[in-house]
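# Summary of structural features
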Amino acid sequence: QEPPQNTGLIENPQVIATPHLGGSTIEAQAQVAIEVAEQVLSVLRGQPARYTVNAPFVSPEAQALIAPFLQVAMDVGKIAIQLSEGQLSSVTLRFQGEIASSDTSGIKAAALMGLLQPITEERVNLVNANFLAEQRNLQVIESTDSNLPDQYSNLITVEILTSEGSVRVSGTYLRGTTHLVRVREEWMDAELDVPYLLFIDHFDQPGLIGLVGSITGKHDINIAFMA
């Protein structure tokens, strides 16, 4: 049998992909290194990393809406757990406004992250927050509602139930920062742009506000705002 003639054609050709070298330039590598370092610093500060690959998936359309509320959810969860006492049994997450019609899985993870960070020695992030909540047998209840008070377009509420009672904290995103708008049954507007908060329960009577100012002044503590 004669061998086949060379026709110049390759039978059953295989496609071989050449490596993509666009990310191997010096400039690209430097930019990637900067982004990685910035995200590591964000996580160490307790903030979400922007490009976590195995965090709860959110579509690009929903991401634009909910991204600012990740920090709000973490702040509200962190404040709620620090104001509570007793054994933690359940947490109710309520999302109101535009975010209620979006995918809230990322916001849920952020709220649990803020809630669990102060009470566990493990590093809590957007990836493992749900798992750690399940591991602690924490009952998590989600609620969405498009209706809310007229002065807010979105609202996140974390209500914690413990053996000693319940604590409810609400927050929103205004002018580029988290605003604390409700603690227990009291409505307020406290902008969270300071590192420390002091919560005081007291009777409403003359002289108490001045007394608080005197005590903080003696310890060289400046009061950024009071509500």
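For the structure itself, consult the block above.
On a predicted model such as this, the values are computed, not experimentally measured, just so you know. (Residues numbered from 1 in each chain as written. Predicted model: local features only at pLDDT ≥ 70, side-chain atom pairs only at ≥ 80, totals over all residues. Heavy atoms only, no water.)

## Examining the packing of aromatic side chains
Rules: Planes of paired rings set the category: under 30 degrees apart is stacked, over 60 is edge-to-face and the rest tilted, where pairs are Phe, Tyr or Trp rings (Trp by its six-membered ring) whose centres lie within 6.5 Å. Runs of E in the DSSP output that reach at least two residues are strands. Runs of H or I that reach at least four are helices, and both are numbered from the N terminus. Only protein chains enter the calculation, and the probe is 1.4 Å; a residue is then buried if its accessible area is under 20% of its type maximum, exposed if over 50%, and partly exposed in between.
In the structure shown here, the tally under the stated rule is 2 aromatic pairs. Measuring from ring centre to ring centre gives 6.4 Å for Tyr152 and Trp187, while their planes differ by 20°; the resulting arrangement is stacked. Taken together, the positions of Tyr152 in the loop between β2 (139-145) and β3 (154-162) and Trp187 in strand β6 (residues 186-191) put the pair 35 residues apart, joining distant regions of the chain. Here Tyr152 falls in the buried class, since its relative accessible area comes to 12%. Judged by its relative accessible area of 43%, Trp187 is partly exposed.

## Thoughts on the pairing of strand β4 (residues 165-174)
Cut-off, in case you're wondering: Whether two strands pair comes down to DSSP finding at least two bridges between them.
As paired strands, β3 and β4 are joined by 7 bridges and run antiparallel to one another. Residue pairing for β4: Thr157 is matched across the bridge by Ser170. In textbook terms, the turn of a hairpin is the stretch between consecutive antiparallel strands, and for β3 and β4 this stretch comprises 2 residues. In this sheet, strand β5 (residues 177-183) lies alongside β4 in antiparallel orientation, the contact comprising 6 bridges. Bridge pairing in β5 places Leu174 opposite Thr177. Here β4 folds back onto β5 in antiparallel fashion, the turn holding 2 residues, of which Arg175 has a positive phi close to 50°.

## Focus: a nonpolar patch on the surface
The following threshold applies: Patch membership needs two things, relative accessible area over 30% and no salt bridge, and members are linked within 9 Å if like-charged or within 5 Å if nonpolar (Val, Leu, Ile, Met, Phe, Trp, Tyr). In short, Shrake-Rupley with a 1.4 Å probe defines the accessible areas, and a residue's cover is counted only from the protein chains shown. Salt bridges are identified by distance alone: a Lys or Arg side-chain nitrogen within 4 Å of an Asp or Glu carboxyl oxygen.
A contiguous nonpolar patch, built from Val32, Val36, Val40, Leu41 and Leu44 and spanning about 440 Å² of accessible area, is present on the exposed surface. For Val32, a relative accessible area of 45% corresponds to the partly exposed category.

## Looking at the nonpolar core
Keep this limit in mind: Residues grouped as a nonpolar core are buried Ala, Val, Leu, Ile, Met, Phe, Trp, Tyr and Cys residues, joined through side-chain atoms within 4.5 Å. Contact between two residues is taken to exist if any of their heavy atoms lie within 4.5 Å; hydrogens are not considered.
If you look at the biggest cluster of nonpolar residues, it comprises 39 residues, and the most contacted ones within it are Val91, Ile107, Leu115, Ile156, Val158, Ile160 and Val169. It is helix α2 (residues 60-83) that provides the largest number of residues to this core, a total of 11 residues. The residues contacting Leu115, other than those within four sequence positions of it, are Gly77, Lys78, Ile81, Leu88, Val91, Leu138, Val158 and Ile160.

## Topic: unusual backbone geometry
At Asn137, a residue that is not glycine, the phi angle is positive and equals roughly 60°. In this structure, Asn137 sits in the loop between α4 (129-135) and β2. One non-glycine residue, Asp220, adopts positive backbone phi at about 60°. Within the secondary structure, Asp220 is located in the segment after α5 (208-218).

## Some details on the pairing of β6
Here β5 runs beside β6; their pairing, made up of 4 bridges, is antiparallel. From the neighbouring strand, His179 faces β6, where its bridge partner is Glu191. Here β5 folds back onto β6 in antiparallel fashion, the turn holding 2 residues, of which Arg184 has a positive phi close to 55°.

## Thoughts on the sheet that holds strand β1 (residues 88-97)
Keep this limit in mind: The axes are straight lines fitted to the C-alpha atoms, using for helices just the contacting stretch, and the angles between their N-to-C directions are given from 0 to 180°.
Strand order in the open sheet formed by 6 strands is β2-β1-β3-β4-β5-β6, and the pairing between neighbours is mixed. Bordering the open sheet on either side are β2 and β6, each of which pairs with just one other strand. Each strand axis lies, on average, 20° off the axis of its neighbour in the sheet, ignoring direction. As defined by bridge partners, β1 adjoins β3 across 9 bridges and the pair is classed as antiparallel. Note on β3: the bridge partner recorded for Phe95 is Ile156. With respect to the sheet, helix α3 (residues 105-116) is in contact with β1, β2 and β3, its orientation differing from that of β1 by roughly 140°.

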